[in-house]
Amino acid sequence: GEGPMSYWARRVSGAALVLGMVLALNFALFRMMPGDPVTSVMDPDFSPEARERLRQVYGLDRPLYAQFALYVKSTLSFDFGVSFLTGRPVADELRSRVPNTAALLGTSLLLSASLGTWLGMKAALRRGSLLERCVLWSGALSFSFPSFFVQLVLLMALASALPLFPLRGSLSVPPPEGGWGFALDYVHHLALPVLSLTLLGFGGWAIYVRNLAVKVMGEDFILMARARGLPRRRILLGHVFRTMLPTLLTLLLMSLPGVVSGAVITETVFSLHGV
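Note that the structure is predicted; figures quoted are calculated from it, not measured.

Colleague: Honestly, the overall build of the protein in this entry has me stumped. Any pointers?
Modeller: Along the protein, the regular secondary structure elements total 10 helices and zero strands. Listed N to C, the secondary structure of the protein is α-α-α-α-α-α-α-α-α-α in terms of helices and strands. Since a compact globule built from 275 residues should have a radius of gyration of about 19 Å, the 25 Å found for the protein marks it as more spread out than a globular shape. Across the 275 residues in the protein, those meeting the buried criterion constitute 30%.

Colleague: Whenever I open this one, the packing of helix 4 (residues 90-125) against helix 10 (residues 256-269) confuses me. Can you help?
Modeller: Packed helices, taken two at a time, are described by their axes: the angle between them and the distance between them. Following both chains from N to C, one finds helix 4 and helix 10 inclined at 125°, their axes separated by 10 Å at the closest point. Overall, the two elements helix 4 and helix 10 adopt an arrangement that is oblique. For helix 4 against helix 10, the interelement crossing comes out right-handed. Of helix 10, the residues touching helix 4 (which contributes Thr101, Leu104, Leu105 and Leu109) are Leu256, Val259, Val260, Ala263, Thr266 and Glu267. In terms of residue class, the contact of helix 4 with helix 10 is built from seven nonpolar, two polar and one charged.

Colleague: Looking at this structure, how should I read the packing of helix 5 (residues 130-144) against helix 7 (residues 179-217)?
Modeller: Across the interface, helix 5 lies against helix 7 with an axial gap of 8 Å and an inter-helix angle of 130°. Between helix 5 and helix 7, the interaxial angle falls into the category oblique. The crossing of helix 5 and helix 7 is left-handed. Between helix 5 and helix 7, the residues in contact are Glu132, Val135, Leu136, Ser138, Gly139, Ala140, Ser142 and Phe143 and Leu199, Leu200, Phe202, Gly203, Gly204, Ala206, Ile207 and Arg210, respectively. Here the contact of helix 5 with helix 7 is built from residues that sort into nine nonpolar, five polar and two charged.

Colleague: Explain the pattern of salt bridges to me, please; I cannot follow it from the model alone.
Modeller: One side chain can pair with another of opposite charge once the charged atoms of both are near each other. What the rule picks out here adds up to five salt bridges. Of the charged contacts, one joins Glu93 and Arg88 as a salt bridge, the two residues approaching to 3.7 Å between their closest N and O atoms. The salt bridge involving Glu93 is made with Arg97; its shortest N-O contact spans 3.1 Å. Of this pair, Glu93 and Arg97 both sit in helix 4, four residues apart, roughly one helical turn. When its relative accessible area of 23% is taken as the criterion, Arg97 is described as partly exposed. One salt-bridge network, in which partners are shared between bridges, spans Arg88, Glu93 and Arg97.

Colleague: Before we go on, may I ask you to explain a nonpolar patch on the surface in this structure?
Modeller: Together, Leu141, Phe145, Phe148, Phe149, Leu152, Val153, Met156, Val264 and Ile265 give the surface a local cluster of nonpolar side chains, amounting to about 830 Å² of exposed area. At the level of elements, helix 6 (147-161) and helix 10 are the ones that each hand at least two residues to the nonpolar patch. Considering each element in turn, the nonpolar patch owes the most residues, five residues, to helix 6. Structurally, Ile265 can be placed in helix 10.

Colleague: Help me understand helix 9 (residues 232-254), please; the structure alone is not making it clear to me.
Modeller: One turn of the α-helix equals 3.6 residues, which is why residues spaced by three or four share an orientation. Helix length check: helix 9 (23 residues) gives 31 Å between terminal C-alpha atoms against 33 Å at 1.5 Å per residue, within 8%. Of all the bends found along helix 9, the most pronounced is centred on Phe241 and spans about 45°. Buried within helix 9 we find Ile235, Leu236, Val240, Met244 and Leu248. In this fold, the buried residues of helix 9 make contact with helix 4, helix 7 and helix 8 (220-227).

Each value, and the rule that gives it
- In every chain, residue numbers begin from 1 and rise along the written sequence.
- Note on the predicted model: pLDDT of at least 70 is required for a residue's local features to be given, and 80 or more for side-chain atom pairs to be given and counted; whole-chain, interface and lining totals, by contrast, use all residues.
- The side-chain quantities take in all heavy atoms of the structure and omit both hydrogens and water.
- Strands here mean DSSP runs of E at least two residues long; helices mean DSSP runs of H or I at least four residues long; both are numbered from the N terminus.
- Computation of the radius of gyration draws on C-alpha atoms, with the globule rule given as 2.2 Å multiplied by the number of residues to the power 0.38.
- Note on exposure labels: buried denotes an accessible area under 20% of the residue type's maximum, exposed denotes more than 50%, and partly exposed covers the range between, all computed with a 1.4 Å probe on protein chains only.
- Simply put, an axis is a line fit to the C-alpha atoms, just over the touching stretch for a helix, and the angle between two N-to-C directions goes from 0 to 180 degrees.
- Any angle that is under 35 degrees is reported as roughly parallel, and any over 145 degrees as roughly antiparallel; angles of 65 to 115 degrees are reported as roughly perpendicular and all others as oblique.
- Crossings are sorted by hand: turned counterclockwise from the far helix by less than a right angle, the near helix makes the crossing left-handed, and turned clockwise it makes it right-handed.
- Contacts are assigned to residue pairs with any non-hydrogen atoms lying within 4.5 Å of each other.
- In this classification, Asp, Glu, Lys and Arg are treated as charged, Ala, Val, Leu, Ile, Met, Phe, Trp, Tyr, Cys and Pro as nonpolar, and every other residue, Gly included, as polar.
- Salt bridge, as applied in this entry: a Lys or Arg side-chain nitrogen positioned within 4 Å of an Asp or Glu carboxyl oxygen.
- Exposure above 30% relative accessible area and no salt bridge define the residues that can form patches, which grow by joining like charges within 9 Å and nonpolar side chains of Val, Leu, Ile, Met, Phe, Trp and Tyr within 5 Å.
- Note on areas: Shrake-Rupley with a 1.4 Å probe; residue coverage comes only from the protein chains shown.
- The span expected for a helix works out to 1.5 Å for each residue beyond the first.
- Bend angle per residue: angle between axes fitted to the 7 residues ending at that residue and the 7 residues starting there.

On their own, these measurements won't tell you what the molecule is for.
Below you can see the structure in the form of structure tokens.
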């Protein structure tokens, strides 16, 4: 069999190969697009000398292989240059924005996964009940509505008609002084975006967990545990949920890209200071 060193060497080399392909493709695509990067930041009154100086600053006067080496070096060292929009270094912009996006994504993913898992297990235990039908319908509805529509409705209902939450932003302007006041204001601004992502995400989790739990509960070892007279709670936690856990962890990691893409819309709708 394969030893642990060769296994990890194969995994690391495979990951490095994927990263290299992504970097190469990203580099090539932007250079295949029409236009010149310098043109986007140039003023019409710039002289040809100024244009050439900009090309030198951005390394566009070098051969492609040198540009690619500079691009890889800058990317791996997190040197992303200066933002054309704010005039600040992009790394500084990311440092100020990443915590907001991480708080939004992490909280909403954990809440939707926890709520969906709990409801899915309840639905699997109560086959044919009203609860199971509600879980199935809620899952179908959460897939049917676009996220921006649900979020705009929540903004209209809970931030405009009923001013329970702020309309926009990650913090009040000016932000409150003091640690607790600052923290409560931050949580207040994130509450509605997190609620919207949780409402949009828990239904899919509930349906998946319900179907998986029904399948596991029909396995022979579960029937054997019941025949041995084990308590129902022990069967659920020690046998059913334990068997489902690796699959749920895999699903949690696989759902991260979808949550990130949803955050783009969420941060725009709620005017959050995110990535």
